[in-house]
Amino acid sequence: MNWRDGAPAVAISVSLHLLIVGLMVFSWAGTPELRKPKPAPPHIQAVVMERPKPPPKPPAAQPAPRPRPAPRPAPRPEPEAPKPAPKPAPKPAEVPRPQPTPPPEPRPAPKPEPAPSFEQPDLAELLAEEEVMRAEQREAAREEQTAAQQSDSDSLEADPETSEYIAAIQSTVSRRWSRPPSARNGMQVKLAVRLAPGGDVLNVTVQQSSGDAALDRTAVAAVKNAGRLPVPEGAAFEKFREFTFLFRPEDMRL
């Protein structure tokens, strides 16, 4: 039984009880002389009756299953149409083959030219020619070097400021020179001279030999024995700090 179905009966029963209790209290309070309790009214007991359940509904009639259609017979495969026979491929057009050109006629072989005849030179003649060429080269180099030395020495002699000092140096050196017997006019020795301020000789070396060892040796000794050479002072001395002195026997007047 559902409690919602019996709720109205319970509510009615409770209401009746409350009403009865209220009337009794009210009557008891209104008549104090009457203390005897009145007989209680018969107790009404509420009985909750369950509703009869409705009969279950009969199950709905299910529709009868439809008969399944009979399976259709599989269609018979149609016979394949015969394939057309492949057409033969067209034959390529025949290209005419080029006719081979006839080989050129062979040219007549050139006649061999006669080999030139070479005369083998004499080895002695070759050596002699080579020696002559070397001698000419040495002579040309010597002449160029002599010309360069002469121009260097002449530059000091041609300069008006230094020419008189060159003449004084030649005079000083000639007084200290002892002429060797092998010295001849035309010989010359190029000396590299280094001086200190004031003209003191610091060093003398042979820059170019005359070819005569005695003349070279006596020329160096003559400059060193001079001790101090006459040179200018101040800025003009820088030309004589390191200079070349051309020693020639014909210039040394004894």
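The structure we're discussing is the one just above.
Summarised in this report is the structure supplied together with it. None of these values were measured; they are calculated from a predicted model.

Let's shift gears to the nonpolar core. Residues Leu191, Leu195, Phe245 and Phe247 are the most contacted members of the largest nonpolar core, which totals 25 residues. Secondary structure elements with two or more residues in this core: helix 3 (160-175), strand 1 (189-195), strand 2 (201-208), helix 4 (213-226) and strand 3 (242-247). The dominant element in this core, judged by the number of residues it contributes, is helix 4, at six residues. Here Leu191 is in contact with Val204, Thr205, Val206, Gln207, Ala219, Val220, Val223, Phe243, Thr244, Phe245 and Phe247, once residues within four sequence places are set aside.

Across all of its chains, the model carries four salt bridges by this definition. The closest approach of N and O atoms between Glu238 and Arg241, which form a salt bridge, is 3.1 Å. Of the two residues, Glu238 and Arg241 both sit in helix 5 (residues 238-241), three residues apart, roughly one turn of that helix. Given a relative accessible area of 49%, Glu238 falls into the partly exposed group. Here Arg241 falls in the partly exposed class, since its relative accessible area comes to 32%.

What counts, and at which threshold
Residues numbered from 1 in each chain as written. Predicted model: local features only at pLDDT ≥ 70, side-chain atom pairs only at ≥ 80, totals over all residues. Heavy atoms only, no water. Core = buried A, V, L, I, M, F, W, Y, C linked by side-chain atoms within 4.5 Å. Buried < 20%, exposed > 50% of the residue type's maximum accessible area, 1.4 Å probe, protein only. Helix = DSSP H or I, 4+ residues; strand = E, 2+ residues; numbered from the N terminus. Contact = heavy atoms within 4.5 Å. Salt bridge = Lys/Arg side-chain N within 4 Å of Asp/Glu carboxyl O.

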